[in-house]
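Single-letter residue listing:
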Amino acid sequence: MAMSETAEMLQAILGAIDEGIHVVDADGFTIYYNHVAARLDGLTPEEVLGKPLLEVFPSLDRESSTLLRVIENGEPIYNQPQTYTNWKGMRVETINTTLPVRVGRRLVGAVEVAKDIRKLKELSERLLDLQAQVSKTKRTRRADSDGVSYHFEDIITQSDTMKQIKERARRAARTSSPVLIYGETGTGKELFVQSIHQASVRRGKPFIAQNCAALPASLLESLLFGTTKGSFTGADDRPGLFELADGGTLFLDELNSMPLDLQAKLLRVLQDGQIRRIGSGKSTQVDVRVIAAVNEPPQEVVKRGALRSDLYYRINVVSFEIPPLRCRTEDIGLLTRHFIDKYNHKFHMTVSGVTEEVAQLFRRYDWPGNVRELEHVIEAAMNMADEDFIGLEHLPQHVLERAQQERVVHVPVSLPTSSPADGEKRTLPEVLSEVEERMIAEALKETDGNILRAAKLLGIPRQTLQYKLSGRTMKQ
Ligand SMILES: Nc1ncnc2c1ncn2[C@@H]1O[C@H](COP(=O)(O)OP(=O)(O)OP(=O)(O)O)[C@@H](O)[C@H]1O
Ligand SMILES: [Mg+2]
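Chemist: Could you give me a rundown of the environment of Asp-341, with the residues and numbers involved?
Modeler: Checked against the element boundaries, Asp-341 lands in helix H14 (residues 330–347). Residue Asp-341 is classed as partly exposed on the basis of its relative accessible area of 40%.

This is the structure in C-alpha cells:
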C-alpha cells in the first residue's frame, strides 16, 4: 500500500472514532488533533494544529501537561482522569492515556487519547442518587408502616412443595447466611426474598434490591461498592449499596448477569464482610445479608460459565427452587380467587369467579409468565367482563391462542389402529412407538416443521426429538 493511502486510511479511522486524539512532535508542536479533541477543548483544529502546545493552552506548563511530560521522560501515562474548564467555559472530564511515539530508539512525539466520561459520570451519579433516595424513603416508610413490603402470609399457596419451601424460608430468616433463589420469571422470587427480610431481625433495617442485568458493568460496580473522589466514574464520595444496606438485606436479582470479575469481588465481600469504595484504599466492615436470585437452573448457569462456581458454592448455602405455576396446578384456582378479590376491591366490581371453561383452560395452559401472568390475565379479563363470571371471551387473545397450540400435547392423540379387527396382536413397544410417531408428526405439522417448537409442544428436549427423528430416518 502506498504511503499516502495508509495516511488517508489513518485519517479516516482517527476521524471516525469517538475519542479525542492529540499528537505533538518532540518539540511540543501539535501535528494531529481530531474533531473530538477540538470539541472537548472548545477549539477548532486550525487553532491548534502546527502551534506549540503551551501557546494554545497557556494554563498548562511543562509539569501539568501530560503530553509534554511524556516527551520529557518517555514514560507512558495510562488512564489519567482530567477535569478542566475549556476555552468555552465548559467543564470537561476525561480519562486520558498518553503514550510516547518512537521511531527506532528516537522519541519523535507523543499521542494522547482522551475519553469523554461526562455522560457516563452523569448517568452513574444520577443512579446512585436515585438509589440512595429510594432506599431512604423505603426505610422511613417501612419504619412507620409495614404496608410496602411482602410477608410470608402474602405467599398464597396450597401446594405441598410450596408450603415446604415457605417453612424452610421461615427458618432461614433466623440467620444471616447467603441465600440463592431459583425460579422462572414471575414465580414469586421477590416475594420470598422480602418475606425473609421481614421475618428476620433485620426487618427494621434497609432492604435494597438491585437487578444485576439492568446496568452496564462499570456502573453496577460503582453502585454496589460506592466511589471516592477522583476515581474513575464518580468524582464524588458516595456510599455503595453495600454500605446503604448495612444491617439489612441486599437482594441481587439476576445474579447470572453480573460480570465475572464483579462476581469475584462479591465473593470476597461474602467471605470477609469488607467493602472498599472504588478508588479508595480503605476497607469498611459491613453487615449485610445477601440474597441472590437467578431465573435459570443455577447448575446450568455455572456450567455455561455465567456464574463463578466459587461464588455459587458460597451463595448456595441456603437455596430454594420455586416451582413454576404449571407444576402446581392446585394453586391456580386459589390464586385466581385471590386476584379476582384483589381487583374487585380495586375496581369496585363484584365478579364472582371464572366459568368452568376458563378454569379448565387455566389448568391446561402452561403459564410461561407464571403467577405474574395469571395476575395480569385476571386484571385484563376484569376490564372486559361485565357479568358475574369471567368467560373465555374476556381472556386476552394471546392466552387463547397459546392454549390452543398447546392442545397438541395435552389432548391425547387417539390410540393406534390396533383394534382387534386387525386380527394382528402388537407388543407394547410397537404400540408406544406408533403413538410416539404420530404425536411427533402432529407436532411437526402444527409447527411447520420447526423442531424446537415441536419439541416444546411435545414436552421433550430438542435433542431428544432430534435423536428420535434421526433414528426414524435411519429405520426407513
Ligand atoms: N404465591 C403467590 N401469592 C400471591 N402473589 C404472588 C405469588 N407469587 C407471585 N405473586 C405475585 O406475582 C408477581 C410476581 O412475583 P415476583 O415479583 O416475586 O416474581 P419474580 O420471581 O421475582 O419474577 P421475576 O423473575 O420476573 O423478577 C407479584 O405481583 C407477586 O405479588
Ligand atoms: Mg423479581
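Here the narrative resumes.
Chemist: I'd like a rundown of unusual backbone geometry, residues and numbers included.
Modeler: Located in the positive-phi region is Glu-254, a residue other than glycine, with phi close to 50 degrees. Structurally, Glu-254 can be placed in the loop between strand S10 (249–253) and helix H11 (260–272). Here Glu-254 falls in the partly exposed class, since its relative accessible area comes to 22%. Phi at Trp-367 is positive, roughly 45 degrees, even though this residue is not glycine. Its location among the elements puts Trp-367 in the loop between helix H15 (356–364) and helix H16 (370–384). Trp-367 sits in the buried class, given a relative accessible area of 0%.

Chemist: Which residues make up the sheet that holds strand S6 (residues 179–183), and what values go with them?
Modeler: Spatially, S7-S10-S13-S6-S14 is the arrangement adopted by the five strands of the open sheet, whose pairing is parallel. In the strand order of this sheet, the two ends are held by strand S7 (207–211) and strand S14 (318–322), each with one partner. Averaged over all pairs of adjacent strands, the angle between their axes in this sheet comes to 15 degrees, without regard to strand direction. With five bridges connecting them, S6 and S14 associate as parallel partners.

Chemist: Which residues make up the pairing of strand S1 (residues 20–25), and what values do they have?
Modeler: Of all six residues in S1, six are buried, a share of seventy percent or more. The two faces of S1 match: Gly-20, His-22 and Val-24 on one face and Ile-21, Val-23 and Asp-25 on the other face are all buried. Strand direction decides the pairing type here: S1 and strand S5 (residues 106–116), joined by six bridges, are antiparallel. Counted as the bridge partner of His-22 is Glu-112 from S5. The sheet contact formed by S1 and strand S2 (residues 30–33) spans three bridges and is antiparallel. The residue bridging Val-24 from the neighbouring strand is Thr-30, located in S2. Joining the antiparallel neighbours S1 and S2 is a turn of four residues, in which Gly-28 adopts a positive phi near 85 degrees.

Chemist: Residues and numbers for the pattern of salt bridges, please.
Modeler: Following the criterion strictly, the structure yields 16 salt bridges and no others. Note that Arg-308 is salt-bridged to Asp-310, the shortest N-O span being 2.8 Å. We classify Asp-310 as partly exposed; its relative accessible area is 32%. We note a salt bridge from Glu-356 to Arg-363, for which the minimum N-O separation is 3.5 Å.

The rules behind each value
Residues numbered from 1 in each chain as written. Chains lettered and ligands numbered in written order. Predicted model: local features only at pLDDT ≥ 70, side-chain atom pairs only at ≥ 80, totals over all residues. Heavy atoms only, no water. Helix = DSSP H or I, 4+ residues; strand = E, 2+ residues; numbered from the N terminus. Buried < 20%, exposed > 50% of the residue type's maximum accessible area, 1.4 Å probe, protein only. Pairing = 2+ DSSP bridges. Axes fitted to C-alpha atoms, helices over the stretch in contact; angles between N-to-C directions. Salt bridge = Lys/Arg side-chain N within 4 Å of Asp/Glu carboxyl O.

In short, the description is geometric, and any link to function would need to be established separately.
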